[in-house]
Amino acid sequence: MARVLIIGAVEAELGQAARIAQARGAALAQADGVSSGLARLRGEGADLVLCDLAHDVVWLVEAMARERIACPVIACGRDPDAEAVVRAIRAGAKDFLPLPPDADLIAAMLEAAAGERREAPVHRDPAMAAVLKRAGQLARSDAGILITGESGTGKEVLARHVHALSRRAKGPFVALNCAALPESLLESELFGHEKGAFSGAVAARKGKFEQADGGTLLLDEVGEMDPRLQAKLLRALQEREIDKLGGTRPVRVDVRILAATNRDLMAEVRANRFREDLFYRLNVVSLRLPALRERPADIEALAAHFAARFAEANGLPRRALSGEALGLLLAHPWPGNVRELENTIHRAVLLAQGPAIRAEAIELTPLTGGHAHAAAVAVPAPASPATAEVRGVSGLVGRKVEEVERDLILETLTHCLGNRTRAAEILGISIRTLRNKLHEYRAQGAEVPGQTAVLQPYAMAG
C-alpha cells in the first residue's frame, strides 16, 4: 500500500486525483500547504507527494533535500506556467501531473512509488520455492528474521513478501539501508530527533522506528552498522522503546524487525566487529537467499518478467527471448545475481529490434576472477608472460599508489553499474571505506559512476 501525501485543496481536481489514488489502494494524508506538508513528512513520512503548483514546490523539494527526506514529489496543476514546471523539475520534483488527472498515469506513479511492494518473488526453481515456503511459515509470527545472501539476490523483495504475509500487512513497511549513511546521520534516521538536537535539526522528526510503528522495519546491510549504534539498537529491541536525539524521555514503539546482510555476521562477531548479543536478537530465525547461479531454473522466469516490465515501462512492444539469447543468459554465472540480470534485460529491451530479443541485444557484464572460470564461454588464449608483465605491474611503474587505487575503485564501480555494495565486495573493503573514498574523489573533481536507474514511463526530461 503506497502512502500518498496530497498538498493542496482537495475540493476540486486535486481531490479527484486523491480519490483515484485511494481507489487504487493508496493510503492518503492531506496538508493545506508546503509547511504543514513538510511537517507531516517529518512525522509519518510518505511514499509519494502530489503537490499543487499553486504552492511553492521548489521550496518543498529543497527543504526535503536539506532534511534528507527521500520521497518523490509530483507537481500537479491545470494549464500550468511552463516556467514553474521547469523550475520544480530542476529543483528535484520527479514529474508533472496535469489536471484533471488521468487514472492510468496515477496508477503508474503509484506503482513506481510502491516499487516491488505488490510483487511476490518471481521463481520457478525448487531452491527458491523452499525459501518462500519457509518464509510463509515464519511470516505470521512477530519473531525477528535475519535474511542473508549475496548482494543482488533480492533480500528486500523477500522482506516485503514476509511483511505482506504477516499480521502487520496493513501497517507500514519501512526500509533503511544502514550502509548508505554515515554514523552521525544513521542514528537520526533510525531514532529521530528533536528540534535543535544538532546543527541542521531545524524541526523535530520521527525516525524509521516511529514511522514503522505497527508494521515492519527492515534494517538492510545491518552488518555495516557502527558498534556504538549496535548497542543503542539492541536496547531498542529489548525494551521496545527508543531514545530520540535531543529527547527527554523514551518513546514506546511496536515494530517487527527484519534484518538483511550479505556478510557472515557470525564471522563479524568473532572478529569483534558485531555484537554477539545483537546477532542473537536479530537471528531468532533465518532465511538464506540462494545466489542466482544456485537456482538456474529462475533465470528464464525472471528474464521474461523483467522483459515484460521494462517493455511496458518504456512504451515498447513486448518481445520474447530467442533461444540463442536465453542460452547466453543460462550460461552466465551472474556474479551480480538478480540485480545484474535485471540490468541486462533492461538494456536488452532497449536495444532489441524485430519480433524477439535476440542474442545481439544481450550485453553481459565482463567477468573477473573466479567468475570468469565458471562461465561456459570461450576465452581468448592467454598472453605470453612477457606481454602480461608489460600490461600488468610494469605498466603501473611511474604512477602514484593513490592514483592506481582511485582508478581501480572507479573502474570496479563502473563494472558494477554503480552498485556500491557489490563494488565493495569485489574490492575487499567495507562500504563505509568505499563511501569515504568516493567522497574524496568527488572533491578532487573526479566523475563517480552512479547506480543504473530504472526508467519510469512518466519520467520527464529536465
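Residues numbered from 1 in each chain as written. Predicted model: local features only at pLDDT ≥ 70, side-chain atom pairs only at ≥ 80, totals over all residues. Heavy atoms only, no water.

Draft legend 1. Fine view of the overall build of the protein. Regarding its fold elements, the protein presents 20 helices and 14 strands. Buried positions account for 46% of the 462 residues belonging to the protein. The contacts in the protein between residues at least 6 apart in sequence include a share of 70% that link residues at least 24 apart. (Helix = DSSP H or I, 4+ residues; strand = E, 2+ residues; numbered from the N terminus. Buried < 20%, exposed > 50% of the residue type's maximum accessible area, 1.4 Å probe, protein only. Contact = heavy atoms within 4.5 Å.)

Draft legend 2. Layout of the packing of helix α18 (residues 401-415) against helix α20 (residues 431-443). Axis separation between α18 and α20 bottoms out at 11 Å; the angle between their running directions is 110°. The orientation of α18 with respect to α20, classified from their angle, is roughly perpendicular. Contacts between α18 and α20 involve Glu405, Arg406, Ile409, Leu410 and Leu413 from the first element and Leu434, Lys437, Leu438 and Tyr441 from the second. Here the contact of α18 with α20 is composed, by residue class, of six nonpolar, no polar and three charged. (Axes fitted to C-alpha atoms, helices over the stretch in contact; angles between N-to-C directions. Parallel < 35°, antiparallel > 145°, perpendicular 65-115°, else oblique. Nonpolar A, V, L, I, M, F, W, Y, C, P; charged D, E, K, R; others polar.)

Draft legend 3. Representation of empty space enclosed by the protein. Counted by the stated rule, this structure contains three cavities of 30 Å³ or more. Space inside the largest cavity adds up to approximately 140 Å³. Taken together, 14 residues form the lining of the largest cavity, with Gly336, Glu340, His415, Cys416 and Arg422 sitting closest to its centre. Those elements that place two or more of their residues in the lining of the largest cavity are α15 (337-351) and α19 (420-427). With three residues, α15 is the largest single contributor of residues to the lining of the largest cavity. Of the residues assigned to the lining of the largest cavity, the class counts are five nonpolar, six polar and three charged. Lining the second largest cavity are Ala307, Ala311, Pro317, Arg318, Arg319, Val349, Ala352 and Ile357. Looking at the lining of the second largest cavity, its residues break down into six nonpolar, no polar and two charged. (1 Å grid on protein atoms, 1.4 Å probe; cavity = no way out; pocket = protein on both sides within 12 Å on 5 of 7 lines; lining within 4 Å. Points joined across faces, edges and corners; volume = space filled by probe spheres on them.)

Draft legend 4. Region of interest: the pairing of strand β8 (residues 216-220). Of all five residues in β8, five are buried; the element is thus mostly enclosed. The two faces of β8 match: Thr216, Leu218 and Asp220 on one face and Leu217 and Leu219 on the other face are all buried. Both strand β7 (residues 173-177) and β8 contribute to a ladder of five bridges, which runs parallel. Paired with asparagine 177 across the strands is aspartate 220, a residue of β8. (Pairing = 2+ DSSP bridges.)

Draft legend 5. Summary view of the packing of aromatic side chains. The full count for this structure, using the stated rule, is three aromatic pairs. Residues phenylalanine 191 and phenylalanine 209 carry aromatic rings whose centres are separated by 5.6 Å and whose planes lie at 10° to one another, so their mutual orientation is stacked. With phenylalanine 191 in helix α8 (residues 183-191) and phenylalanine 209 in helix α9 (residues 208-211), this pair connects stretches of sequence that are 18 residues apart. Its guanidinium or amino end placed over the ring of phenylalanine 310, arginine 309 lies 5.6 Å from that ring's centre, counting from NZ or CZ. (Phe/Tyr/Trp six-rings, centres within 6.5 Å; stacked < 30°, edge-to-face > 60°. Lys NZ or Arg CZ within 6 Å of the ring centre and 35° of its normal.)

Draft legend 6. The arrangement of the packing of helix α6 (residues 126-139) against helix α7 (residues 155-165) in detail. At a minimum axis distance of 8 Å, the contact between α6 and α7 shows a crossing angle of 40°. Relative to α7, the element α6 is oriented oblique. Relative to α7, the crossing made by α6 is right-handed. In this structure, α6 contributes Val131, Leu132, Ala135, Gly136 and Ala139 to the contact, and α7 contributes Leu158, His161, Val162 and Leu165. Counted by class, the contact of α6 with α7 contains seven nonpolar, two polar and no charged residues. (Left-handed = near helix turned anticlockwise from the far one by under 90°.)

Draft legend 7. Focus on the pairing of strand β1 (residues 3-7). Of all five residues making up β1, five are buried, and the element is well covered by its neighbours. Read as a crossover between parallel neighbours, the route from β1 over helix α1 (residues 13-23) to strand β2 (residues 27-31) is right-handed. Bridge count for β1 against strand β3 (residues 48-52) is four bridges, and the pairing is parallel. Paired with leucine 5 across the strands is valine 49, a residue of β3. (Right-handed = clockwise from strand over helix to strand, strands pointing away.)

Draft legend 8. Structural context of unusual backbone geometry. Across the junction of leucine 99 and proline 100, the peptide omega takes the value 0°, indicating a cis bond. Along the chain, proline 100 turns up in the loop between β5 (95-98) and α5 (103-114). Notably, asparagine 272 is not glycine yet its phi reads approximately 60°, a positive angle. Looking at where asparagine 272 falls in the secondary structure, it is placed in the loop between α11 (265-270) and α12 (276-282). You will see that asparagine 337, though not glycine, has its phi angle at about 60°, which is positive. Looking at the element boundaries, asparagine 337 is found in helix α15.

Draft legend 9. Seen up close, the sheet that holds strand β4 (residues 73-77). Ordered by their spatial adjacency, five strands build an open sheet running β2-β1-β3-β4-β5, and the pairing between neighbours is parallel. Of all the strands in the sheet, the pair left with one neighbour each is β2 and β5. Across the sheet, the axes of successive neighbouring strands diverge by a mean angle of 25°, strand direction being ignored. In this structure, β3 lies alongside β4, joined through four bridges in parallel fashion. Bridge pairing in β4 links valine 49 to valine 73.

Draft legend 10. Inspection of the pattern of salt bridges at higher detail. Counted under the stated rule, the structure contains 27 salt bridges. Arginine 160 is the partner of glutamate 156 in a salt bridge, and the nearest nitrogen-oxygen pair spans 2.7 Å. Of this pair, glutamate 156 and arginine 160 both sit in helix α7, four residues apart, which is roughly one turn of that helix. Overall, glutamate 156 belongs to the partly exposed group, its relative accessible area being 28%. Residue arginine 160 is classed as buried on the basis of its relative accessible area of 11%. Where glutamate 241 meets arginine 235, a salt bridge forms, and the shortest distance between an N and an O atom there is 2.9 Å. Judged by relative accessible area, which is 31%, arginine 235 ranks as partly exposed. Look at the salt bridges and you will find they share partners, linking Glu224, Arg263, Glu268 and Arg273 into a network. (Salt bridge = Lys/Arg side-chain N within 4 Å of Asp/Glu carboxyl O.)

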